[in-house]
Amino acid sequence: MNEILNIDCFEWLAGREPKSLHAVCTDPPYGLVEFTPGEVAKLRNGKGGVWRIPPSFDGKKRNPLPRFSVLTLEQRQNIEKYFQQWAEALLPALIPGAHVLVASNPVLSSHVFQGLLSSGLEPRATLMRVYHGFRGGDRPKNAEQEFPDLCVSPRGNYEPWLLFRRPIEEKTVAQNLRKWGVGALRMLENGGPVPDVIPSSKTPAIEKSISDHPSLKPQQLLRFLCRMVMPTEGILLDPFMGSGSTIAACEAIGIDSIGLEVDPHYFSAATETIPRLAKLYPRYHGGHLEMEAPQYSREAPNQPLLLEEGANYLA
Ligand SMILES: C[S@@+](CC[C@H](N)C(=O)[O-])C[C@H]1O[C@@H](n2cnc3c(N)ncnc32)[C@H](O)[C@@H]1O
């Protein structure tokens, strides 16, 4: 079961019953500026602002990405303050031992991390989603011929997900689990521990055809992460749900969830995208990683899990 609301998460958290959330998995506006109404208007008009279309080197059209290198020192320091205030608002609503998993970006993650740390949340790990990215790796702009063997920054092929926990209140994790049902992570379905490096794909075309949100995350990744942070029955919150991919992942694998989104356009899109994303890949419940070849299903290694356009994804 899921509940979604068109609301500012700070406002919602202020009224939330204490100790009533079992987990958080979210992809927040970690640069802060990119989802302000002014920047979203520029994104929708396709002109100016922090959003940029990555250069096309293979003729394929790319989705816009926020350009975080334009942030000033003050803007980066504000990220820290924002995430501290956000986590302070969240903490009372979390059950002791509840995990909080926050997507970030290699350039900004230290600011997000510091903000979360200052709130009193306990750092547990940084998970690396490894995928084929499009950030960085470019030659100096307008001087590509002059400096053919130099690139300004490394090509980004990972995305850090910061894992925190509300400190347990009992003496041991086992006691905390017995009393509150949370405090530990769910292992893989084959009994293996969850790894901190997660091979992933970029968001598949079929999912992008369902949602036009510029930060849409893949179902494969989200189903894996949501299953991992929910060791028991309970409620998972995504306070920055965008078009609802986390909520769809929860629906697909049977986790109760609450999704919040402040932007009316994305909220209204979520009401349609959630059921459609949740119906994709009915055999994948996040209990294993599609390690060596993310595009193939383990049960049927010769059958692509992420089929080509026009194929039947609900089979
Ligand atoms: C990075 S996007 C999440 C996209 C999501 N991963 C998806 O797959 O669609 C962050 C979202 O948070 C929303 N947002 C920003 N500030 C918010 C706030 N205070 N409360 C609720 N939503 C907020 C933005 O409008 C944006 O859609």
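In this text, all values refer to a predicted model and were calculated from it rather than measured experimentally. (Residues numbered from 1 in each chain as written. Predicted model: local features only at pLDDT ≥ 70, side-chain atom pairs only at ≥ 80, totals over all residues. Heavy atoms only, no water.)

Quick word on empty space enclosed by the protein
On inspection of all chains with the given rule, the structure shows one cavity of 30 Å³ or more. Of the voids in this model, the largest cavity is the one considered here, and its volume is about 30 Å³. Lining the largest cavity are Ile198, Pro199, Ser200, Gln220, Leu221, Phe224, Tyr284 and Leu289. Contributing elements (two or more residues each) for the lining of the largest cavity: strand S8 (197–199) and helix H7 (219–229). With three residues, the top contributor of residues to the lining of the largest cavity is H7. Counted by class, the lining of the largest cavity contains six nonpolar, two polar and no charged residues. (1 Å grid on protein atoms, 1.4 Å probe; cavity = no way out; pocket = protein on both sides within 12 Å on 5 of 7 lines; lining within 4 Å. Points joined across faces, edges and corners; volume = space filled by probe spheres on them. Helix = DSSP H or I, 4+ residues; strand = E, 2+ residues; numbered from the N terminus. Nonpolar A, V, L, I, M, F, W, Y, C, P; charged D, E, K, R; others polar.)

Observations concerning the layout of surface pockets
Of the volumes computed, that of the second largest pocket is approximately 600 Å³. With three residues, helix H2 (residues 37–45) is the largest single contributor of residues to the lining of the second largest pocket. Looking at side-chain class alone, the lining of the second largest pocket contains 18 nonpolar, seven polar and seven charged residues.

Here's the deal with helix H4 (residues 109–118)
Three- or four-residue spacings in an α-helix give side chains the same orientation, since the helix completes a turn every 3.6 residues. Among all positions of H4, only Ser109, His111, Val112, Gly115 and Leu116 are buried. The arc that holds every buried residue of H4, seen down its axis, measures 165°, which confines them to one face. Packed against the buried residues of H4 are helix H3 (73–90), strand S5 (94–103) and strand S7 (158–165). Looking at the residues trailing H4, positive phi occurs at glycine 120, about 110°. (Buried < 20%, exposed > 50% of the residue type's maximum accessible area, 1.4 Å probe, protein only. Arc of directions from axis to C-beta. Contact = heavy atoms within 4.5 Å.)

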